[in-house]
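Okay, here's what each chain looks like letter by letter:
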Amino acid sequence: MNINIENLTKRYGPQRAVDGLSFEVRTGEILGFLGPNGAGKSTTMKMITGYLGIGEGQIRVGDKSVAEHGDDLKKYIGYLPENNPLYLDMPVIDYLGFCAALQGVEKSLIPTRIREMVRVCGLNAEKHKKIGELSKGYRQRVGLAQAMIHDPQILILDEPTTGLDPNQIVEIRKLIRQLGKAKTVILSTHILPEVEATCDRILIINKGRIVADGTADNLRQQAAGKEILKVQIQDAKPEDIQQALQRLTNTDYVQLLDAAQSRFEVHSKAGASSKRDIFQLCVQKNWVLSELTPIETRLEDIFRNLTVN
Amino acid sequence: MRATWTIATRELNSFFDSLIAYILLVAFLGFSGFFTWLYGNDIFFVGQASLQGFFAIAYWTLFFFIPALTMRLLAEEKKTGTIELLLTKAVTDRQVVMGKFLATLMLVGIALAFSLPYVVTVANIGNLDVGEAICGYVGLLLLSAAYISIGLYASSITSNQIVAFLTALFIGLFFHLLFDVLAGNFTGVAGTVISYLSLSNHFESISRGVVDTRDLIYFFSIIFIGLFLSELSLTKRNLQ
(Lines give C-alpha, C1' and ligand atoms only; values in the text may rest on other atoms or scores of the structure.)
Protein backbone atom coordinates (compact mmCIF):
# COMPACT_ATOMS: atom_id res chain seq x y z
CA MET A 1 0.00 0.00 0.00
CA ASN A 2 1.34 3.39 -0.93
CA ILE A 3 1.11 6.38 1.32
CA ASN A 4 0.53 9.64 -0.44
CA ILE A 5 0.74 12.91 1.42
CA GLU A 6 -0.23 16.17 -0.19
CA ASN A 7 0.26 19.59 1.25
CA LEU A 8 -0.20 18.41 4.82
CA THR A 9 -0.42 21.19 7.39
CA LYS A 10 -1.10 21.05 11.11
CA ARG A 11 -1.33 24.00 13.47
CA TYR A 12 -1.03 24.02 17.23
CA GLY A 13 -2.34 27.46 18.04
CA PRO A 14 -0.33 29.97 16.03
CA GLN A 15 2.53 27.51 15.52
CA ARG A 16 2.67 25.37 12.39
CA ALA A 17 3.94 21.98 13.49
CA VAL A 18 3.69 20.62 9.97
CA ASP A 19 3.78 23.05 7.11
CA GLY A 20 2.81 22.02 3.60
CA LEU A 21 4.41 18.57 3.62
CA SER A 22 4.11 16.52 0.41
CA PHE A 23 5.71 13.16 -0.28
CA GLU A 24 4.94 9.61 -1.31
CA VAL A 25 6.10 6.29 0.08
CA ARG A 26 5.67 3.20 -2.07
CA THR A 27 5.26 -0.44 -1.16
CA GLY A 28 8.63 -2.03 -0.59
CA GLU A 29 10.22 1.23 0.40
CA ILE A 30 11.67 2.12 3.79
CA LEU A 31 11.53 5.82 4.43
CA GLY A 32 13.72 7.32 7.12
CA PHE A 33 12.24 10.36 8.71
CA LEU A 34 14.90 12.68 10.09
CA GLY A 35 14.66 16.01 11.76
CA PRO A 36 15.62 17.86 14.92
CA ASN A 37 13.34 17.72 17.94
CA GLY A 38 10.05 19.45 17.28
CA ALA A 39 10.43 19.30 13.50
CA GLY A 40 7.02 17.70 13.08
CA LYS A 41 8.02 14.06 12.60
CA SER A 42 5.81 12.60 15.29
CA THR A 43 2.90 14.87 14.41
CA THR A 44 3.05 13.67 10.80
CA MET A 45 3.17 10.06 11.93
CA LYS A 46 0.24 10.58 14.28
CA MET A 47 -1.79 12.03 11.45
CA ILE A 48 -1.01 9.07 9.17
CA THR A 49 -2.12 6.62 11.87
CA GLY A 50 -5.36 8.50 12.37
CA TYR A 51 -4.64 9.47 15.98
CA LEU A 52 -4.52 13.17 15.22
CA GLY A 53 -6.91 14.89 12.88
CA ILE A 54 -5.53 16.22 9.63
CA GLY A 55 -5.30 20.00 9.70
CA GLU A 56 -5.15 20.83 6.02
CA GLY A 57 -4.16 18.78 3.02
CA GLN A 58 -4.64 15.15 2.26
CA ILE A 59 -3.23 11.79 3.36
CA ARG A 60 -4.10 8.80 1.23
CA VAL A 61 -3.29 5.24 2.22
CA GLY A 62 -3.78 2.87 -0.70
CA ASP A 63 -6.52 4.65 -2.57
CA LYS A 64 -8.45 5.76 0.50
CA SER A 65 -8.27 9.06 2.29
CA VAL A 66 -7.35 8.90 5.98
CA ALA A 67 -9.70 11.79 6.76
CA GLU A 68 -12.72 9.88 5.45
CA HIS A 69 -11.86 6.22 6.02
CA GLY A 70 -9.47 6.52 8.98
CA ASP A 71 -11.18 3.83 11.06
CA ASP A 72 -11.15 1.29 8.20
CA LEU A 73 -7.50 1.94 7.44
CA LYS A 74 -6.24 1.40 10.98
CA LYS A 75 -6.09 -2.37 10.57
CA TYR A 76 -3.54 -2.05 7.77
CA ILE A 77 -1.21 0.03 9.91
CA GLY A 78 1.16 -1.09 12.64
CA TYR A 79 2.29 1.78 14.82
CA LEU A 80 4.96 2.11 17.45
CA PRO A 81 4.51 5.50 19.13
CA GLU A 82 7.27 7.59 20.57
CA ASN A 83 8.09 6.70 24.21
CA ASN A 84 6.43 3.33 23.64
CA PRO A 85 3.44 3.53 26.00
CA LEU A 86 2.32 0.10 27.25
CA TYR A 87 -0.06 -1.35 29.84
CA LEU A 88 2.50 -2.07 32.52
CA ASP A 89 0.14 -4.23 34.58
CA MET A 90 -0.37 -6.77 31.79
CA PRO A 91 1.73 -9.86 31.12
CA VAL A 92 3.50 -9.79 27.73
CA ILE A 93 1.51 -12.65 26.21
CA ASP A 94 -1.86 -11.27 27.35
CA TYR A 95 -0.95 -7.87 25.98
CA LEU A 96 0.01 -9.23 22.57
CA GLY A 97 -3.22 -11.26 22.55
CA PHE A 98 -5.21 -8.12 23.40
CA CYS A 99 -3.55 -6.17 20.57
CA ALA A 100 -4.11 -9.00 18.10
CA ALA A 101 -7.80 -9.21 19.03
CA LEU A 102 -8.22 -5.45 18.66
CA GLN A 103 -6.56 -5.52 15.25
CA GLY A 104 -9.07 -8.11 14.11
CA VAL A 105 -6.72 -11.10 13.91
CA GLU A 106 -8.85 -14.25 13.76
CA LYS A 107 -9.17 -15.92 17.13
CA SER A 108 -7.70 -19.24 15.98
CA LEU A 109 -4.64 -17.47 14.52
CA ILE A 110 -3.83 -15.36 17.58
CA PRO A 111 -1.63 -17.94 19.41
CA THR A 112 0.40 -18.54 16.25
CA ARG A 113 0.91 -14.82 15.72
CA ILE A 114 1.95 -14.33 19.35
CA ARG A 115 4.48 -17.18 19.10
CA GLU A 116 5.83 -15.74 15.89
CA MET A 117 6.25 -12.26 17.42
CA VAL A 118 7.85 -13.64 20.58
CA ARG A 119 10.37 -15.44 18.37
CA VAL A 120 11.03 -12.54 16.02
CA CYS A 121 11.42 -9.96 18.77
CA GLY A 122 13.43 -12.22 21.08
CA LEU A 123 10.92 -12.12 23.93
CA ASN A 124 10.99 -15.78 24.82
CA ALA A 125 12.79 -15.44 28.14
CA GLU A 126 10.49 -12.68 29.37
CA LYS A 127 7.15 -13.64 27.87
CA HIS A 128 5.43 -14.54 31.15
CA LYS A 129 6.49 -11.43 33.02
CA LYS A 130 4.37 -8.36 33.43
CA ILE A 131 5.43 -5.57 31.09
CA GLY A 132 6.14 -3.32 34.10
CA GLU A 133 8.85 -5.74 35.24
CA LEU A 134 10.74 -5.60 31.94
CA SER A 135 13.80 -3.49 31.19
CA LYS A 136 13.55 -0.65 28.70
CA GLY A 137 14.98 -2.68 25.85
CA TYR A 138 12.52 -5.50 26.38
CA ARG A 139 9.63 -3.05 26.56
CA GLN A 140 10.77 -1.68 23.22
CA ARG A 141 10.66 -5.19 21.83
CA VAL A 142 7.12 -5.60 23.14
CA GLY A 143 6.26 -2.31 21.44
CA LEU A 144 7.64 -3.60 18.15
CA ALA A 145 5.85 -6.91 18.60
CA GLN A 146 2.49 -5.23 19.14
CA ALA A 147 3.01 -3.08 16.05
CA MET A 148 3.65 -6.13 13.87
CA ILE A 149 1.25 -8.59 15.51
CA HIS A 150 -1.37 -8.39 12.76
CA ASP A 151 1.17 -8.48 9.93
CA PRO A 152 0.23 -4.99 8.74
CA GLN A 153 1.00 -3.71 5.26
CA ILE A 154 2.22 -0.42 6.63
CA LEU A 155 4.60 0.00 9.55
CA ILE A 156 5.07 3.34 11.22
CA LEU A 157 7.83 3.28 13.79
CA ASP A 158 8.67 6.32 15.87
CA GLU A 159 12.25 5.79 17.03
CA PRO A 160 12.16 2.00 17.00
CA THR A 161 15.63 1.22 18.33
CA THR A 162 15.85 3.48 21.39
CA GLY A 163 16.87 1.52 24.45
CA LEU A 164 17.99 -1.58 22.59
CA ASP A 165 21.43 -3.10 23.02
CA PRO A 166 23.77 -3.09 19.99
CA ASN A 167 23.08 -6.74 19.14
CA GLN A 168 19.37 -6.19 19.23
CA ILE A 169 19.70 -3.02 17.17
CA VAL A 170 21.42 -5.00 14.43
CA GLU A 171 18.71 -7.67 14.59
CA ILE A 172 15.87 -5.17 14.54
CA ARG A 173 17.41 -3.29 11.63
CA LYS A 174 17.74 -6.56 9.76
CA LEU A 175 14.12 -7.34 10.56
CA ILE A 176 12.96 -3.93 9.36
CA ARG A 177 14.93 -4.34 6.12
CA GLN A 178 13.39 -7.74 5.61
CA LEU A 179 9.88 -6.49 6.30
CA GLY A 180 10.47 -3.47 4.14
CA LYS A 181 10.73 -5.60 1.00
CA ALA A 182 7.01 -6.31 0.97
CA LYS A 183 5.63 -3.53 3.13
CA THR A 184 5.64 0.21 3.37
CA VAL A 185 7.76 1.36 6.29
CA ILE A 186 8.21 4.83 7.72
CA LEU A 187 10.61 5.15 10.60
CA SER A 188 11.86 8.16 12.44
CA THR A 189 15.10 8.29 14.32
CA HIS A 190 17.82 10.52 15.67
CA ILE A 191 20.51 7.94 15.00
CA LEU A 192 21.93 8.85 11.63
CA PRO A 193 23.92 5.67 10.91
CA GLU A 194 20.67 3.82 11.48
CA VAL A 195 19.03 5.62 8.59
CA GLU A 196 21.91 4.71 6.33
CA ALA A 197 21.80 1.11 7.49
CA THR A 198 18.07 0.60 7.10
CA CYS A 199 16.42 3.11 4.83
CA ASP A 200 16.05 3.26 1.08
CA ARG A 201 15.18 6.89 1.19
CA ILE A 202 15.73 9.72 3.61
CA LEU A 203 13.45 12.62 4.26
CA ILE A 204 14.83 15.41 6.39
CA ILE A 205 12.31 17.85 7.76
CA ASN A 206 12.85 21.02 9.71
CA LYS A 207 10.18 23.29 11.16
CA GLY A 208 7.48 21.26 9.46
CA ARG A 209 8.95 21.52 5.95
CA ILE A 210 10.91 19.08 3.84
CA VAL A 211 14.51 20.23 3.47
CA ALA A 212 15.93 17.15 1.80
CA ASP A 213 14.56 14.07 0.09
CA GLY A 214 16.53 11.25 -1.51
CA THR A 215 18.85 8.31 -0.92
CA ALA A 216 21.86 8.75 1.35
CA ASP A 217 24.15 8.88 -1.71
CA ASN A 218 21.95 11.44 -3.43
CA LEU A 219 21.96 13.65 -0.41
CA ARG A 220 25.72 13.44 -0.14
CA GLN A 221 26.14 14.43 -3.74
CA GLN A 222 23.74 17.30 -3.40
CA ALA A 223 25.38 18.48 -0.22
CA ALA A 224 28.94 18.00 -1.36
CA GLY A 225 28.31 19.16 -4.92
CA LYS A 226 31.88 18.48 -5.91
CA GLU A 227 34.15 15.49 -5.58
CA ILE A 228 37.00 15.90 -3.13
CA LEU A 229 39.94 13.48 -3.23
CA LYS A 230 42.80 12.98 -0.86
CA VAL A 231 45.87 12.10 -2.87
CA GLN A 232 49.42 11.07 -1.98
CA ILE A 233 51.93 10.90 -4.80
CA GLN A 234 55.61 10.10 -4.40
CA ASP A 235 58.79 10.29 -6.47
CA ALA A 236 58.55 13.97 -7.41
CA LYS A 237 58.70 17.41 -5.92
CA PRO A 238 55.41 18.40 -4.30
CA GLU A 239 55.28 21.65 -6.26
CA ASP A 240 55.62 19.82 -9.58
CA ILE A 241 52.94 17.38 -8.61
CA GLN A 242 50.65 20.19 -7.54
CA GLN A 243 51.10 21.99 -10.85
CA ALA A 244 50.56 18.82 -12.84
CA LEU A 245 47.39 18.07 -10.91
CA GLN A 246 46.18 21.59 -11.38
CA ARG A 247 46.47 21.27 -15.16
CA LEU A 248 44.10 18.29 -15.32
CA THR A 249 40.88 19.13 -17.14
CA ASN A 250 38.48 18.12 -14.39
CA THR A 251 40.35 19.69 -11.52
CA ASP A 252 39.03 22.84 -9.95
CA TYR A 253 41.86 23.50 -7.55
CA VAL A 254 44.51 21.60 -5.63
CA GLN A 255 45.55 22.19 -2.09
CA LEU A 256 48.85 21.03 -0.67
CA LEU A 257 48.14 19.37 2.65
CA ASP A 258 51.54 18.10 3.69
CA ALA A 259 54.68 18.84 1.68
CA ALA A 260 56.86 16.33 3.55
CA GLN A 261 54.41 13.51 2.90
CA SER A 262 53.50 14.96 -0.50
CA ARG A 263 49.76 14.85 0.19
CA PHE A 264 47.14 16.92 -1.61
CA GLU A 265 43.46 17.60 -1.60
CA VAL A 266 42.07 17.66 -5.13
CA HIS A 267 38.74 19.43 -5.63
CA SER A 268 37.10 18.40 -8.88
CA LYS A 269 34.83 20.62 -10.93
CA ALA A 270 31.10 20.28 -10.27
CA GLY A 271 29.69 17.06 -11.67
CA ALA A 272 33.10 15.77 -12.83
CA SER A 273 35.56 13.23 -11.44
CA SER A 274 39.34 13.45 -11.74
CA LYS A 275 40.19 9.97 -10.39
CA ARG A 276 41.00 8.54 -13.82
CA ASP A 277 43.06 11.57 -14.83
CA ILE A 278 45.12 11.38 -11.68
CA PHE A 279 45.83 7.73 -12.26
CA GLN A 280 46.76 8.33 -15.92
CA LEU A 281 48.99 11.22 -14.90
CA CYS A 282 50.91 9.04 -12.47
CA VAL A 283 51.31 6.30 -15.08
CA GLN A 284 52.55 8.80 -17.63
CA LYS A 285 55.07 10.40 -15.31
CA ASN A 286 55.99 7.17 -13.59
CA TRP A 287 55.02 8.48 -10.18
CA VAL A 288 53.84 6.26 -7.37
CA LEU A 289 50.27 6.86 -6.36
CA SER A 290 50.13 5.68 -2.77
CA GLU A 291 46.77 7.10 -1.71
CA LEU A 292 43.58 8.09 -3.48
CA THR A 293 40.67 8.49 -1.08
CA PRO A 294 37.38 10.18 -1.83
CA ILE A 295 36.27 12.35 1.08
CA GLU A 296 32.66 11.57 1.83
CA THR A 297 30.42 14.16 3.36
CA ARG A 298 29.04 12.62 6.48
CA LEU A 299 25.31 12.42 6.94
CA GLU A 300 25.75 14.26 10.21
CA ASP A 301 27.17 17.25 8.36
CA ILE A 302 24.35 17.24 5.84
CA PHE A 303 21.85 17.05 8.66
CA ARG A 304 23.49 19.92 10.50
CA ASN A 305 23.76 22.07 7.40
CA LEU A 306 20.13 21.61 6.58
CA THR A 307 18.63 21.99 10.01
CA VAL A 308 20.74 24.53 11.86
CA ASN A 309 19.90 28.09 10.99
CA MET B 1 -18.77 -5.56 18.94
CA ARG B 2 -15.78 -7.86 19.31
CA ALA B 3 -13.47 -4.89 19.88
CA THR B 4 -15.82 -3.44 22.53
CA TRP B 5 -15.89 -6.80 24.30
CA THR B 6 -12.10 -7.19 24.08
CA ILE B 7 -11.61 -3.77 25.67
CA ALA B 8 -14.25 -4.48 28.32
CA THR B 9 -12.69 -7.78 29.40
CA ARG B 10 -9.20 -6.29 29.52
CA GLU B 11 -10.48 -3.42 31.60
CA LEU B 12 -12.35 -5.75 33.96
CA ASN B 13 -9.22 -7.89 34.35
CA SER B 14 -7.18 -4.83 35.13
CA PHE B 15 -9.68 -3.89 37.89
CA PHE B 16 -9.00 -7.27 39.47
CA ASP B 17 -5.25 -7.20 38.81
CA SER B 18 -4.83 -3.84 40.47
CA LEU B 19 -6.86 -4.84 43.56
CA ILE B 20 -9.35 -2.01 42.89
CA ALA B 21 -12.05 -4.60 42.31
CA TYR B 22 -11.41 -6.37 45.62
CA ILE B 23 -11.28 -3.12 47.53
CA LEU B 24 -14.57 -2.05 45.97
CA LEU B 25 -16.23 -5.38 46.73
CA VAL B 26 -15.07 -5.43 50.33
CA ALA B 27 -15.85 -1.77 50.95
CA PHE B 28 -19.23 -1.85 49.24
CA LEU B 29 -20.40 -5.02 50.96
CA GLY B 30 -18.84 -3.90 54.24
CA PHE B 31 -20.50 -0.50 54.28
CA SER B 32 -23.87 -1.56 53.03
CA GLY B 33 -23.84 -4.70 55.18
CA PHE B 34 -22.93 -2.74 58.29
CA PHE B 35 -25.67 -0.16 57.85
CA THR B 36 -28.22 -2.67 56.60
CA TRP B 37 -27.84 -5.23 59.36
CA LEU B 38 -26.06 -3.72 62.32
CA TYR B 39 -26.35 0.02 62.72
CA GLY B 40 -29.01 2.71 63.04
CA ASN B 41 -32.27 2.26 61.18
CA ASP B 42 -31.30 -1.26 60.21
CA ILE B 43 -33.43 -3.83 58.54
CA PHE B 44 -34.86 -5.23 61.81
CA PHE B 45 -36.01 -1.80 62.92
CA VAL B 46 -38.59 -1.55 60.13
CA GLY B 47 -40.51 -4.60 61.13
CA GLN B 48 -41.09 -5.62 57.52
CA ALA B 49 -39.33 -8.10 55.24
CA SER B 50 -38.15 -5.37 52.92
CA LEU B 51 -34.83 -4.45 51.33
CA GLN B 52 -35.64 -0.72 51.23
CA GLY B 53 -33.01 -0.10 53.90
CA PHE B 54 -30.31 -1.81 51.86
CA PHE B 55 -31.27 0.06 48.71
CA ALA B 56 -31.14 3.38 50.51
CA ILE B 57 -27.62 2.60 51.77
CA ALA B 58 -26.42 1.28 48.40
CA TYR B 59 -27.78 4.46 46.85
CA TRP B 60 -25.13 6.37 48.81
CA THR B 61 -22.24 3.92 48.74
CA LEU B 62 -22.42 3.56 44.95
CA PHE B 63 -22.50 7.34 44.62
CA PHE B 64 -19.10 7.52 46.34
CA PHE B 65 -17.47 4.39 44.96
CA ILE B 66 -18.29 4.73 41.29
CA PRO B 67 -16.22 7.91 40.73
CA ALA B 68 -13.31 6.04 42.34
CA LEU B 69 -13.71 3.30 39.74
CA THR B 70 -14.20 5.55 36.75
CA MET B 71 -11.53 8.14 37.53
CA ARG B 72 -8.70 6.11 36.02
CA LEU B 73 -10.50 4.78 32.96
CA LEU B 74 -9.40 7.41 30.46
CA ALA B 75 -7.34 9.79 32.61
CA GLU B 76 -4.68 7.16 33.29
CA GLU B 77 -4.46 6.20 29.62
CA LYS B 78 -4.03 9.84 28.72
CA LYS B 79 -1.32 10.32 31.31
CA THR B 80 0.70 7.26 30.32
CA GLY B 81 0.07 7.76 26.60
CA THR B 82 -1.47 4.31 26.11
CA ILE B 83 -4.56 6.03 24.73
CA GLU B 84 -2.56 6.72 21.57
CA LEU B 85 -1.77 3.05 21.18
CA LEU B 86 -5.37 2.08 21.87
CA LEU B 87 -6.93 4.56 19.47
CA THR B 88 -4.54 3.70 16.63
CA LYS B 89 -5.66 0.08 16.79
CA ALA B 90 -8.55 -0.95 14.56
CA VAL B 91 -11.16 0.43 17.00
CA THR B 92 -13.35 3.49 16.98
CA ASP B 93 -13.52 6.04 19.79
CA ARG B 94 -17.04 4.82 20.51
CA GLN B 95 -15.90 1.23 21.00
CA VAL B 96 -13.27 2.39 23.49
CA VAL B 97 -15.84 4.39 25.47
CA MET B 98 -18.40 1.57 25.37
CA GLY B 99 -15.81 -1.04 26.37
CA LYS B 100 -14.76 0.92 29.42
CA PHE B 101 -18.36 1.68 30.35
CA LEU B 102 -19.32 -1.99 30.10
CA ALA B 103 -16.33 -3.13 32.16
CA THR B 104 -17.24 -0.83 35.05
CA LEU B 105 -20.90 -1.77 34.84
CA MET B 106 -19.94 -5.44 34.99
CA LEU B 107 -17.82 -4.81 38.07
CA VAL B 108 -20.69 -3.01 39.81
CA GLY B 109 -22.94 -5.86 38.67
CA ILE B 110 -20.60 -8.33 40.37
CA ALA B 111 -20.63 -6.24 43.55
CA LEU B 112 -24.44 -6.18 43.52
CA ALA B 113 -24.56 -9.93 42.84
CA PHE B 114 -22.57 -10.49 46.02
CA SER B 115 -25.35 -8.78 47.97
CA LEU B 116 -27.89 -11.39 46.83
CA PRO B 117 -27.45 -13.37 50.09
CA TYR B 118 -29.17 -10.38 51.75
CA VAL B 119 -32.21 -11.07 49.57
CA VAL B 120 -32.19 -14.75 50.47
CA THR B 121 -31.82 -13.96 54.16
CA VAL B 122 -34.63 -11.42 54.21
CA ALA B 123 -36.85 -13.76 52.18
CA ASN B 124 -36.30 -16.36 54.88
CA ILE B 125 -37.17 -13.99 57.70
CA GLY B 126 -40.50 -12.90 56.27
CA ASN B 127 -42.63 -12.52 53.21
CA LEU B 128 -40.41 -10.58 50.75
CA ASP B 129 -41.94 -8.69 47.84
CA VAL B 130 -39.80 -10.24 45.09
CA GLY B 131 -40.99 -7.79 42.42
CA GLU B 132 -39.95 -4.87 44.57
CA ALA B 133 -36.55 -6.44 45.24
CA ILE B 134 -35.94 -7.01 41.53
CA CYS B 135 -36.97 -3.44 40.77
CA GLY B 136 -34.63 -2.22 43.50
CA TYR B 137 -31.71 -3.99 41.86
CA VAL B 138 -32.71 -2.69 38.42
CA GLY B 139 -32.80 0.80 39.96
CA LEU B 140 -29.33 0.37 41.45
CA LEU B 141 -27.97 -0.84 38.10
CA LEU B 142 -29.53 2.11 36.25
CA LEU B 143 -28.18 4.52 38.84
CA SER B 144 -24.74 2.94 38.56
CA ALA B 145 -24.82 3.14 34.76
CA ALA B 146 -25.75 6.82 35.00
CA TYR B 147 -22.91 7.60 37.42
CA ILE B 148 -20.44 5.52 35.39
CA SER B 149 -21.23 7.53 32.28
CA ILE B 150 -20.79 10.76 34.25
CA GLY B 151 -17.52 9.43 35.70
CA LEU B 152 -16.31 8.36 32.30
CA TYR B 153 -16.93 11.84 30.97
CA ALA B 154 -15.08 13.38 33.93
CA SER B 155 -12.19 11.00 33.24
CA SER B 156 -12.15 11.92 29.56
CA ILE B 157 -11.61 15.63 30.12
CA THR B 158 -8.45 15.41 32.21
CA SER B 159 -5.30 13.36 32.61
CA ASN B 160 -5.34 13.79 36.38
CA GLN B 161 -7.23 11.06 38.20
CA ILE B 162 -7.98 13.16 41.27
CA VAL B 163 -9.48 15.89 39.13
CA ALA B 164 -11.53 13.22 37.37
CA PHE B 165 -12.74 11.82 40.71
CA LEU B 166 -13.74 15.21 42.11
CA THR B 167 -15.39 16.32 38.87
CA ALA B 168 -17.46 13.15 38.76
CA LEU B 169 -18.44 13.59 42.38
CA PHE B 170 -19.31 17.23 41.81
CA ILE B 171 -21.51 16.56 38.78
CA GLY B 172 -23.00 13.55 40.52
CA LEU B 173 -23.86 15.58 43.61
CA PHE B 174 -26.28 17.71 41.61
CA PHE B 175 -28.26 14.70 40.46
CA HIS B 176 -27.89 12.90 43.75
CA LEU B 177 -28.89 15.62 46.15
CA LEU B 178 -28.78 19.23 45.02
CA PHE B 179 -31.56 19.16 42.41
CA ASP B 180 -33.83 17.61 45.01
CA VAL B 181 -32.99 20.34 47.53
CA LEU B 182 -33.30 23.09 44.91
CA ALA B 183 -36.63 21.81 43.67
CA GLY B 184 -38.12 22.72 47.05
CA ASN B 185 -37.15 26.35 46.53
CA PHE B 186 -38.80 26.75 43.14
CA THR B 187 -42.39 26.72 42.09
CA GLY B 188 -44.09 26.32 38.73
CA VAL B 189 -42.24 25.09 35.64
CA ALA B 190 -38.78 25.63 37.10
CA GLY B 191 -39.71 23.56 40.14
CA THR B 192 -41.09 20.74 37.99
CA VAL B 193 -38.06 20.68 35.71
CA ILE B 194 -35.55 20.69 38.56
CA SER B 195 -37.53 18.08 40.41
CA TYR B 196 -37.52 15.88 37.28
CA LEU B 197 -33.73 16.25 37.08
CA SER B 198 -33.28 14.89 40.59
CA LEU B 199 -32.06 11.33 40.44
CA SER B 200 -33.33 10.42 43.88
CA ASN B 201 -36.99 10.81 42.87
CA HIS B 202 -36.59 8.46 39.94
CA PHE B 203 -34.57 5.96 41.92
CA GLU B 204 -37.10 5.91 44.75
CA SER B 205 -40.00 5.30 42.45
CA ILE B 206 -38.22 2.41 40.72
CA SER B 207 -36.99 0.88 43.96
CA ARG B 208 -40.54 0.97 45.33
CA GLY B 209 -41.41 -1.36 42.48
CA VAL B 210 -42.90 1.08 40.01
CA VAL B 211 -41.08 1.00 36.67
CA ASP B 212 -42.29 4.08 34.85
CA THR B 213 -41.19 4.96 31.29
CA ARG B 214 -40.41 8.49 32.48
CA ASP B 215 -37.85 7.10 34.94
CA LEU B 216 -36.31 4.85 32.32
CA ILE B 217 -36.08 7.72 29.85
CA TYR B 218 -34.44 9.80 32.57
CA PHE B 219 -31.73 7.23 33.32
CA PHE B 220 -31.08 6.34 29.70
CA SER B 221 -30.79 10.03 28.81
CA ILE B 222 -28.07 10.57 31.43
CA ILE B 223 -26.24 7.43 30.27
CA PHE B 224 -26.50 8.47 26.64
CA ILE B 225 -25.40 12.06 27.25
CA GLY B 226 -22.48 10.96 29.44
CA LEU B 227 -21.22 8.44 26.89
CA PHE B 228 -21.79 10.83 24.01
CA LEU B 229 -19.80 13.60 25.71
CA SER B 230 -16.99 11.15 26.59
CA GLU B 231 -16.73 10.10 22.97
CA LEU B 232 -16.84 13.72 21.90
CA SER B 233 -14.01 14.68 24.22
CA LEU B 234 -11.88 11.80 22.87
CA THR B 235 -12.65 12.87 19.30
CA LYS B 236 -11.78 16.45 20.16
CA ARG B 237 -8.06 15.69 19.66
CA ASN B 238 -8.87 15.67 15.94
CA LEU B 239 -10.39 19.10 15.90
CA GLN B 240 -7.58 21.21 17.29
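Definitions and cut-offs
Residues numbered from 1 in each chain as written. Chains lettered and ligands numbered in written order. Predicted model: local features only at pLDDT ≥ 70, side-chain atom pairs only at ≥ 80, totals over all residues. Helix = DSSP H or I, 4+ residues; strand = E, 2+ residues; numbered from the N terminus. Rg over C-alpha atoms; globule rule 2.2 N^0.38 Å. Buried ≥ 20, exposed ≤ 12 C-beta atoms within 10 Å, placed from the backbone. Contact = placed C-beta atoms within 7 Å. Domains from an automatic or database assignment. pLDDT = per-residue confidence, 0-100. Pairing = 2+ DSSP bridges. Axes fitted to C-alpha atoms, helices over the stretch in contact; angles between N-to-C directions. Arc of directions from axis to C-beta.

In this section: the overall build of chain A. Along its length, chain A carries 11 helices and 14 strands. Here chain A has a C-alpha radius of gyration of 25 Å; the compact-globule value for 309 residues is 19 Å, and the former is much larger. Dimensions of chain A along its principal axes, counting C-alpha atoms only, are 80 × 45 × 30 Å. When each of the 309 residues of chain A is scored for burial, the buried share is 39%. The long-range fraction of contacts in chain A, counting pairs at least 24 apart against all pairs at least 6 apart in sequence, stands at 67%.

A separate point is the domain arrangement of chain A. Assigned domains of chain A: these are domain 1 (3-214) and domain 2 (226-296). Once you take the C-alpha centre of each, domain 1 of chain A and domain 2 of chain A turn out to be 47 Å apart.

Residue and element names in this part refer to chain A. Positioned with a positive phi, Asp151 is a non-glycine residue whose angle comes to about 50 degrees. Take Asp151: it is sitting in the loop between α5 (136-148) and β7 (154-158). Judged by the 15 C-beta atoms lying within 10 Å of it, Asp151 falls in the partly exposed class. Its identity as a non-glycine residue notwithstanding, Asp235 has a phi of 80 degrees, on the positive side. Relative to the helices and strands, Asp235 is located in the loop between β11 (228-234) and α9 (238-247). A tally of 13 C-beta atoms within 10 Å means that Asp235 is categorised as partly exposed.

Residue and element names in this part refer to chain B. For chain B, the average pLDDT comes to 90, and 99% of its residues sit at 70 or higher. Ranking the elements of chain B by mean pLDDT puts helix α3 (residues 43-46) last with 74 and helix α7 (residues 93-113) first with 95. Scoring the predicted complex yields pTM 0.84 and, for the interface, ipTM 0.88.

Turning our eyes to something else, we now look at the interface of chain A and chain B. Contact residues are listed per partner, giving 22 residues for chain A and 21 residues for chain B. For the side of chain A that touches chain B, the leading source of residues is helix α3 (residues 92-102) of chain A, giving 4 residues.

The next thing to look at is the sheet that holds strand β14 (residues 288-294) of chain A. All names here are of chain A. Pairing is antiparallel in the open sheet, where 4 strands are placed in the order β12-β13-β11-β14. One side of each edge strand has no neighbouring strand; the edge strands of this open sheet are β12 (251-258) and β14. Adjacent strand axes in the sheet meet at a mean angle of 25 degrees, parallel and antiparallel pairs treated alike. Across 5 bridges, the pairing between β11 and strand β13 (residues 263-268) is antiparallel. Each bridged residue has a counterpart across the sheet, and for Leu229 the counterpart in β13 is Val266.

Residues and elements named next belong to chain A. Read across the sheet, 4 strands follow the order β2-β1-β4-β5 without closing on themselves; strand pairing throughout is antiparallel. Bordering the open sheet on either side are β2 (15-25) and β5 (64-65), each of which pairs with just one other strand. In this fold helix α1 (residues 41-49) packs onto β1 (3-12), β2 and β4 (56-61), with an angle of close to 120 degrees to the strand it touches most, β1.

So, on to helix α12 (residues 199-207) of chain B. Residue and element names in this part refer to chain B. What α12 keeps buried is the set Leu199, His202, Phe203, Ile206 and Ser207. Here the buried residues of α12 occupy an arc of 125 degrees about the axis, which is enough to place them on one side. Remark: Gly209 follows α12 within two positions and exhibits a positive phi of approximately 110 degrees.

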